[in-house]
Amino acid sequence: MAHETDGHVAAGHVAEIEKEDVGAKRKHRFTFLVATYGETASDPASGLECLPHNSPLAAALLGLTVNTPTRVTLPAGPAVLTVRSIRNPTQPELDRLLAPIKPPEFGED
């Protein structure tokens, strides 16, 4: 059974993020699953992408709260991140995201 989020982005959560590039004044929206491993994967069915917890963007997002614009400095430059929603991933989303990065299984000969 899924646990409730406490309103802060944490590893394992799905977060919808609005990112505004400070210099260019461009806004982008992303939906990420903050992953606890170093791989990236995406689920074309839902548009969900894995974001490794040790990436600069994930590091900036962890601990942020919903609808609180936060200015951060990313490798691409300064940006304002606003978390629009936080939820737990569904099992089908997890299955689709994690399928490509599971270690290969070796059958018995």
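Residues numbered from 1 in each chain as written. Predicted model: local features only at pLDDT ≥ 70, side-chain atom pairs only at ≥ 80, totals over all residues. Heavy atoms only, no water.

(A) The arrangement of the pairing of strand β6 (residues 77-87) in detail. Relative to β6, strand β1 (residues 14-21) runs antiparallel, the two sharing 8 bridges. Along β6, the bridge assignment pairs Val14 with Arg87. Both strand β5 (residues 70-74) and β6 contribute to a ladder of 5 bridges, which runs antiparallel. Among the inter-strand pairings, Leu74 is bridged to a residue of β6, identified as Gly77. (Pairing = 2+ DSSP bridges. Helix = DSSP H or I, 4+ residues; strand = E, 2+ residues; numbered from the N terminus.)

(B) Examining the sheet that holds β1 more closely. An order of β3-β4-β2-β1-β6-β5 is seen for the 6 strands of this open sheet, with the pairing classed as mixed. Of all strands in the sheet, those bounded by a partner on one side alone are β3 (42-43) and β5.

(C) Representation of the environment of Ile86 in the model. Take Ile86: it is sitting in strand β6. Each C-alpha atom of the pair Ile86 and Val9 lies 6.7 Å from the other, and the pair is 77 residues apart in sequence.

(D) Representation of the packing of aromatic side chains in the model. Tallied over the full model, the rule gives 1 aromatic pair. For the pair Phe30 and Phe32, a centre-to-centre distance of 5.4 Å together with 20° between the ring planes defines the contact as stacked. According to the relative accessible area criterion, Phe32 is buried, its value standing at 6%. (Phe/Tyr/Trp six-rings, centres within 6.5 Å; stacked < 30°, edge-to-face > 60°. Buried < 20%, exposed > 50% of the residue type's maximum accessible area, 1.4 Å probe, protein only.)

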